[in-house]
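Chain residues, written in single-letter form:
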Amino acid sequence: MKDQLLQIQKTTLERIPSVTDMKELDNIRVEVLGKKGELTAILKGMGKLSNEERPIIGKVANEVKEAIEAAISAKKAIMEKQILDEKLKSQTIDITLDEVSKLPGHAHPLYRTIAEIVEIFESMGFAVSEGPEIEWAKYNFDYLNVPANHPARDESDTFYFNDDVILRTQTSTVQVRAMQAKKPPIKVISPGKVYRFDEIDATHSPLFHQIEGLVVDKNITMADLKGTLDYVAKRLLGSETKTVFRPHQFYFTEPSAEMDATCFVCKGVGCRTCKGTGYIEVLGCGMVHPNVLRQCGIDPDEYSGFAFGMGLDRLTMFKYGITDLRLLFSGDSQFLSQF
Ligand code: DAH
């Protein structure tokens, strides 16, 4: 009987190391130690043994049982660890992976132009001022001295929400807001979107961008206007750039002018971009009209100022050689990634 027990121990301990799954291990346990198991069957037969033999065989049987149980639980522990390791490996999240970095964005060419211009003005002590795109009609027209019957007020030119509220057609509205918010000295610029009723084509869009500028202080003259804008043109378009101020008419400035700058494609020689003139129109400007100052609560006898408004979309197209305005608003990443 003792040999039988030791044989069971031997074969069972030989089987255990090669087991590969929990079910197989449990089958071995049941086959050997279970109710109908080999070892259990032998133990059941112990009643037939003599009184001398019984404790000896009993001791051996217990040792065999313990050895097998220990081997099974050791194997079980090894397999549990293996299962856990595999699970950890397959479920690992690599926290160093950064999905966002796969799609690196960069500044839109239009916003690069804005950033460049803002930086130039900031270096001259201008502050950036903001105004809403949905604006009171009176800020867009009345406060800016635009006559009641002016065609720009017409619904065919301006987007109206109702009689009093519109989408601003010019960033000049920010002049009004700046003057109402603060006493002079005022030195602000304001880039932003403006809207006009226009069909979309290669050179027109109902949404476009302007940057407005306003300086109000004592003794501000046309010389300040010209000096400032000529300096900005040279920084923005190259130090060789020359500027020309042509008389013009705006309701909110008197006198008013348009500023042309040397064509930055042909450097003034004459090309397709400047239509052979050597110059490109860059902005509208003038001395702030006394009516505008007065309506915004500033005494025109004490203070004077200059203002300007520059279109940004055409400038960006020239700068980057873009021939269709629609591309700027297309959101096409293939187009945008060129810049
Ligand atoms: N608001 C004008 C426009 O949209 C541009 C402009 C002209 C702005 C003269 C000014 C200015 O501030 O003084 O055409």
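Residues numbered from 1 in each chain as written. Predicted model: local features only at pLDDT ≥ 70, side-chain atom pairs only at ≥ 80, totals over all residues. Heavy atoms only, no water.

Comments concerning the domain arrangement of the protein
Interface size is commonly expressed as the accessible surface area that is lost when the partners come together. For the protein, the domain assignment lists domain 1 (2-90) and domain 2 (109-336). Spacing between the C-alpha centres of domain 1 and domain 2 amounts to 92 Å. (Domains from an automatic or database assignment.)

Observations concerning the sheet that holds strand β7 (residues 253-262)
Within a sheet, adjacent strands bond to each other through the backbone by hydrogen bonds, running parallel or antiparallel. What the 7 strands build is an open sheet, ordered β1-β4-β5-β9-β8-β7-β6; its pairing is mixed. Edge strands, defined here as strands with exactly one partner in the open sheet, are β1 (127-128) and β6 (243-250). (Pairing = 2+ DSSP bridges. Helix = DSSP H or I, 4+ residues; strand = E, 2+ residues; numbered from the N terminus.)

So, the packing of aromatic side chains
Scanning the model with the defined rule gives 8 aromatic pairs in all. Centre to centre, the rings of F121 and F126 are 5.0 Å apart; their planes meet at 75°, and the pair counts as edge-to-face. The pair F121 / F126 is uniform in exposure class, with both members buried. Plain terms: the ring middles of F250 and F252 are 5.9 Å apart, the flat faces sit at 25° to each other, and that makes the pair stacked. Counting every residue linked through ring pairs, the aromatic cluster contains F121, F126 and F308. (Phe/Tyr/Trp six-rings, centres within 6.5 Å; stacked < 30°, edge-to-face > 60°. Buried < 20%, exposed > 50% of the residue type's maximum accessible area, 1.4 Å probe, protein only.)

Things to note about helix α5 (residues 109-123)
Spanning 15 residues, α5 covers 21 Å between terminal C-alpha atoms, matching the ideal 21 Å at 1.5 Å per step. When α5 is considered as a whole, its buried residues turn out to be P109, L110, T113, I114, I117, V118, I120 and F121. Phi for G125, located one or two positions after α5, is positive at around 90°. (Expected span 1.5 Å × (residues − 1).)

Side note on the site of the ligand
Around the ligand, the structure places 15 residues, and the nearest of them are Q170, Q175, R196, Q210 and E212. S172 is positioned with one of its side-chain polar atoms (N or O) 3.0 Å from a nitrogen atom of the ligand. Taking F308, its main chain carries an N or O atom lying 3.3 Å from an oxygen atom of the ligand. For the ligand, whose unbound accessible area comes to 360 Å², protein coverage reaches 89%. Sorting the residues of the shell around the ligand by element identifies β5 (207-217), β8 (279-288) and β9 (304-311) as the ones contributing at least two each. Here the residues of the shell around the ligand sort into 5 nonpolar, 8 polar and 2 charged. (Near = heavy atom within 4 Å. Polar contact = N/O pair within 3.5 Å; in protein donor to acceptor, adjacent residues only side chain to side chain. Areas by Shrake-Rupley, 256 points an atom, 1.4 Å probe, with all protein chains shown as cover. Nonpolar A, V, L, I, M, F, W, Y, C, P; charged D, E, K, R; others polar.)

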